[in-house]
Amino acid sequence: MKDSIRHLIQQALDRLTTEGVLPAGLTPAIQVENTRDKSHGDFASNIAMMLAKPAGMKPRDLAQKLIDALPQDAQISQVEIAGPGFLNFFQNTDALAERLEAALADPQLSVRKPGAPQRVVIDLSSPNLAKEMHVGHLRSTIIGDAVGRVLEFLGDEVIRQNHVGDWGTQFGMLLAYLEEKPAAAETELSDLEQFYRAAKQRFDESATFADRARELVVKLQAGDAECLRLWTRFNEISLSHCQKIYDRLNVKLTPADVKGESAYNAELPGIVDALCDKGLLTEDNGAQCVFLEDFKNAEGNPLPVIVQKAGGGYLYATTDLAAMRYRSQALHADRVLYFVDQRQALHFQMAFEVARRAGFVHDGMQLEHMGFGTMNGADGRPFKTRDGGTVKLIDLLDEAEQRAYSLVKEKNPDLDDAELRQIARAVGISAVKYADLSKHRTSDYRFNFELMLSFEGNTAPYLLYAYTRVSSVFRKLGKGIDEIEGRIQLEAEQELALAARIAQFGETLNNVGEKGEPHLLCSYLYDLAGLFSSFYEHCPILTAETEQQKQSRLRLAALTGKTLKQGLQLLGLEPLERM
Ligand code: ARG
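Attention in this report is confined to the structure presented alongside it.

Each value, and the rule that gives it
- Residues numbered from 1 in each chain as written.
- Predicted model: local features only at pLDDT ≥ 70, side-chain atom pairs only at ≥ 80, totals over all residues.
- Heavy atoms only, no water.
- Salt bridge = Lys/Arg side-chain N within 4 Å of Asp/Glu carboxyl O.
- Helix = DSSP H or I, 4+ residues; strand = E, 2+ residues; numbered from the N terminus.
- Buried < 20%, exposed > 50% of the residue type's maximum accessible area, 1.4 Å probe, protein only.
- Near = heavy atom within 4 Å.
- Polar contact = N/O pair within 3.5 Å; in protein donor to acceptor, adjacent residues only side chain to side chain.
- Nonpolar A, V, L, I, M, F, W, Y, C, P; charged D, E, K, R; others polar.
- Pairing = 2+ DSSP bridges.
- Axes fitted to C-alpha atoms, helices over the stretch in contact; angles between N-to-C directions.

1. Focus: the pattern of salt bridges
Now for step 1: Scanning all chains against the criterion turns up 35 salt bridges.
Now for step 2: Put simply, Lys 113 and Asp 156 hold a salt bridge, and the shortest N to O gap is 2.8 Å. Placement of the pair is Lys 113 in the loop between helix H4 (93–104) and strand S5 (119–123) and Asp 156 in the loop between helix H5 (138–153) and strand S6 (157–161), with a sequence separation of 43 residues. With respect to burial, Lys 113 and Asp 156 carry one shared label: buried.
Now for step 3: Two residues, Glu 205 and Arg 202, come together in a salt bridge whose shortest N-O distance is 3.0 Å. Here Glu 205 pairs with Arg 202, and both are found in helix H7 (residues 192–205), just three residues apart, close to one helical turn.
Now for step 4: A relative accessible area of 22% places Arg 202 in the partly exposed class.

2. Focus: the site of the ligand
Now for step 1: The environment of the ligand is made up of Asp 123, Ser 126, Asn 128, His 163, Tyr 316, Asp 320, Tyr 338, Val 340, Gln 344 and Phe 348.
Now for step 2: In the environment of the ligand, a nitrogen atom lies 3.0 Å from a nitrogen or oxygen atom belonging to the side chain of Asn 128.
Now for step 3: The separation between a nitrogen atom of the ligand and a polar side-chain atom of Asp 320 is 2.8 Å.
Now for step 4: Counted by class, the shell around the ligand contains four nonpolar, four polar and two charged residues.

3. Section: the sheet that holds strand S1 (residues 32–34)
Now for step 1: Ordered by their spatial adjacency, four strands build an open sheet running S1-S2-S4-S3, and the pairing between neighbours is antiparallel. Where the open sheet ends on each side, the last strands, each with one partner, are S1 and strand S3 (76–82). Geometrically, the sheet is characterised by an average inter-axis angle of 25 degrees between neighbouring strands, direction not taken into account.

Next comes the structure, spelled out in structure tokens:
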């Protein structure tokens, strides 16, 4: 709706420009907002105030000219001037009801992407396999998953790439330890963290061990069969730990999405050669570098992207260049989204620049780093265990489910234990995911069990509960959500407010897809749940005055339920029918 109003305003501006009322060459960003007080219309724009000065007119006079120049539109019943010169738009109630009817009849809920479908590569999760997944990987996994789901719903083709760290010097140490204690593969590897610590300890305490570790890296790189076998085994075990977490988190990642750093090993010499052929390489202290004029250090000198070390080894950036080339040339991506910690922002800006200059990616391919802030503890400090260690993801999820179990049990002492457990699982995991998704992606965020498990505020339990309230209306009625006859008629103020917000589902999802920001969907659902609540309070459904009104309200409730459910699923949460 906001988009179509923007479009109407643009047409009016064009007309006034042609008529000479407005000077040529104005290209204002047209802002349209939801109004707070619906008695003054549903949408407002400050465009007349913005352009009054360049037009040499009083804002209210320009506003009147704009209203006169606005094309007719079935969705708008009335436009008024308010205050210093705001344009207030009233939505046509019948047209709005029609739109909702159309959404109700459509499995896509009338959600479409305005542009052509794209092929989008999503780089997400991507933990380092040497260690167990920890809380640092939660955000990339969850946010990337939600954005992927939204893009798929909008009609894009999504290719997930789990760019795991399965190569590098740490593996020498791990292989040396496996060689020294072969039995450890079966026992200690069930706890990767423990295994890594034990290997690191040996590395630090014994020079012979450290030498052997370095030797094994070289052998591994040279393709030694036994080293490769141990390395493969190690990665398989580590990946199976990750997969367990993905399944438990209800994240759409499978082993087929794994394309780790090692997959690009054979490409790396070619990447360096190609950069050399393009004349982009400079040798600096024996290392091969691409210096970028646009990126400067504190002294004002250009910063390098190092692609090969003096000893011949390749780097993280080299692999990323190879991955970009693969995503362009083999996957034919239109768009690649990197869900990686904000602290890697510079790495990506520079790597994107090198890839473009070297022609590794086609011109139309969008490369976007979707950075995110750090997850901190409730005290605002980096998230750590009581003794200062990194928090294992698995422990965190266990605790979430445990806490959810106590809460749900307290609320429903009569539920049998199996159902209780199932609800607790959904609530606990959803709470962890939603707390992350609902925060602005780029800000740091505080992990707080009490807040995320609260039934009040913008939380998963609140939203899941709101959905069960809608479901319960139909349960009481003894009818399915799709079995309601009649038509939506919007009369009460609460019906109108709820309807107007439902109609913004598509626009919200398109914003999420464009910006890679699932918190926009969270705020939308939170709003929707609140509006449903006031509708439910003020507009009796099952005891409505007439049969027609009852049907209309049921249909409105049905569409709210469908929208909430679809929205929650797109966030990767599991809506419950009751809790
Ligand atoms: N493994 C890296 C890390 O844990 C993240 C990789 C992100 N993806 C990429 N294409 N660089 O920091």
